[in-house]
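Given next are the chains, with one letter for each unit.
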Amino acid sequence: MRAIHFLRESHPMQLISLNTATAQPLEVPGGKTVLSGIRKQSQTERLAVQALGVAGDEQADLSVHGGTAKAVYAYPLEHYAFWQTVRAQAKAAGWSEALPHGAMGENLTLSGLLENQVWIGDVLKFPDCELTVSEPRFPCFKFNAVMGFKQAVKMMGQSGWCGFYLSVKTPGTLQAGEAFELIPGPREMSIPELFRVKFRA
């Protein structure tokens, strides 16, 4: 099937940053501390991608994160400006304080591909790896903690800017800077449609 090149001339689809994290203590509302792998950091080297995710990446709560269906999480770079603004409005950060790549908890910071262009079963074809879109991300209380204000989960629900999970169709490697193609799947359920059906703000 022919690959789709959305906005190819001005906005090529590209892996801007490849991000991983080990599970670390995270302070959450109520003064509690939980383990979480949400604080991803950008990696410059080429990393292996296997059935359970990117090499060096960990998930602390496997009941809601990780596994073969949610091996890799992708988030559009285009939404970063919004989150920077609302964090500043909530006094969780300064107006000029940029969010580092991986701040949304994503493994793949992507450009040129938004949620409303993605359907369950679509394939992201990288030079040495293929990933299949599996489901939207449904944020939990940990997202409020990393964003620094208690309305973050609700705002993700209202905006629908949730990113999406991917399973590993063809294991291989990934590296920041690579371009990729979107190969359409059955196109029966889009990421926004499934997110609206299942999300409860």
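Report follows, based on the coordinates.

Criteria and thresholds
- Residues numbered from 1 in each chain as written.
- Predicted model: local features only at pLDDT ≥ 70, side-chain atom pairs only at ≥ 80, totals over all residues.
- Heavy atoms only, no water.
- Helix = DSSP H or I, 4+ residues; strand = E, 2+ residues; numbered from the N terminus.
- Buried < 20%, exposed > 50% of the residue type's maximum accessible area, 1.4 Å probe, protein only.
- Polar contact = N/O pair within 3.5 Å; in protein donor to acceptor, adjacent residues only side chain to side chain.
- Salt bridge = Lys/Arg side-chain N within 4 Å of Asp/Glu carboxyl O.
- Contact = heavy atoms within 4.5 Å.
- Phe/Tyr/Trp six-rings, centres within 6.5 Å; stacked < 30°, edge-to-face > 60°.
- Lys NZ or Arg CZ within 6 Å of the ring centre and 35° of its normal.
- Pairing = 2+ DSSP bridges.
- Axes fitted to C-alpha atoms, helices over the stretch in contact; angles between N-to-C directions.

### Let's talk about the side chain of N19
Now for step 1: On the secondary structure map, N19 appears in strand β1 (residues 14–20).
Now for step 2: The exposure class assigned to N19 is buried, which follows from its relative accessible area of 0%.
Now for step 3: Within the structure, N19 has its side chain in polar contact with the side chain of T109 (distance 2.9 Å).

### Regarding the pattern of salt bridges
Now for step 1: Applying the stated criterion across every chain, the model contains 4 salt bridges.
Now for step 2: A salt bridge links D122 to R187, with the shortest nitrogen-to-oxygen separation between them at 2.9 Å. Of the two residues, D122 is situated in the loop between β8 (108–111) and β9 (123–126) and R187 in the loop between β13 (181–183) and α4 (191–198); the sequence distance between them amounts to 65 residues.
Now for step 3: Assessed through its relative accessible area of 0%, D122 is described here as buried.

### A closer look at the side chain of S134
Now for step 1: With respect to the secondary-structure elements, S134 resides in strand β10 (residues 129–136).
Now for step 2: Only 2.5 Å separates the side chain of S134 from the backbone oxygen of A69, close enough to count as a polar contact.
Now for step 3: Contact partners of S134, with chain neighbours within four places excluded, come to A69, I120, Y165, L166 and S167.

### Considerations on the packing of aromatic side chains
Now for step 1: Tallied over the full model, the rule gives 9 aromatic pairs.
Now for step 2: For the ring pair F82 and W83, a centre distance of 5.0 Å and an interplane angle of 75° mean the geometry is edge-to-face.
Now for step 3: Judged by centre distance (5.0 Å) and plane angle (90°), the ring pair of F82 and W161 falls under edge-to-face. Of this pair, F82 sits in helix α1 (residues 80–89) while W161 sits in the loop between α3 (152–159) and β11 (164–170), and the two are 79 residues apart along the sequence.
Now for step 4: Here a set of aromatic residues connected by ring pairs shows up, and it is made of Y73, Y75, Y80 and Y165.
Now for step 5: For K70, the ring lying beneath its charged end belongs to Y165, and the centroid distance is 5.7 Å.

### Quick notes on the sheet that holds β8
Now for step 1: Pairing is mixed in the open sheet, where 8 strands are placed in the order β4-β1-β8-β7-β11-β10-β9-β13. With partners counted over all chains shown, the strands left at the sheet margins are β4 (41–43) and β13, one partner each. Adjacent strand axes in the sheet meet at a mean angle of 40° when their direction is disregarded.
Now for step 2: Pairing analysis gives 4 bridges linking β9 to β10, with the strands arranged antiparallel. Along β10, the bridge assignment pairs L124 with L131.

Nothing here speaks to function; it is all geometry.
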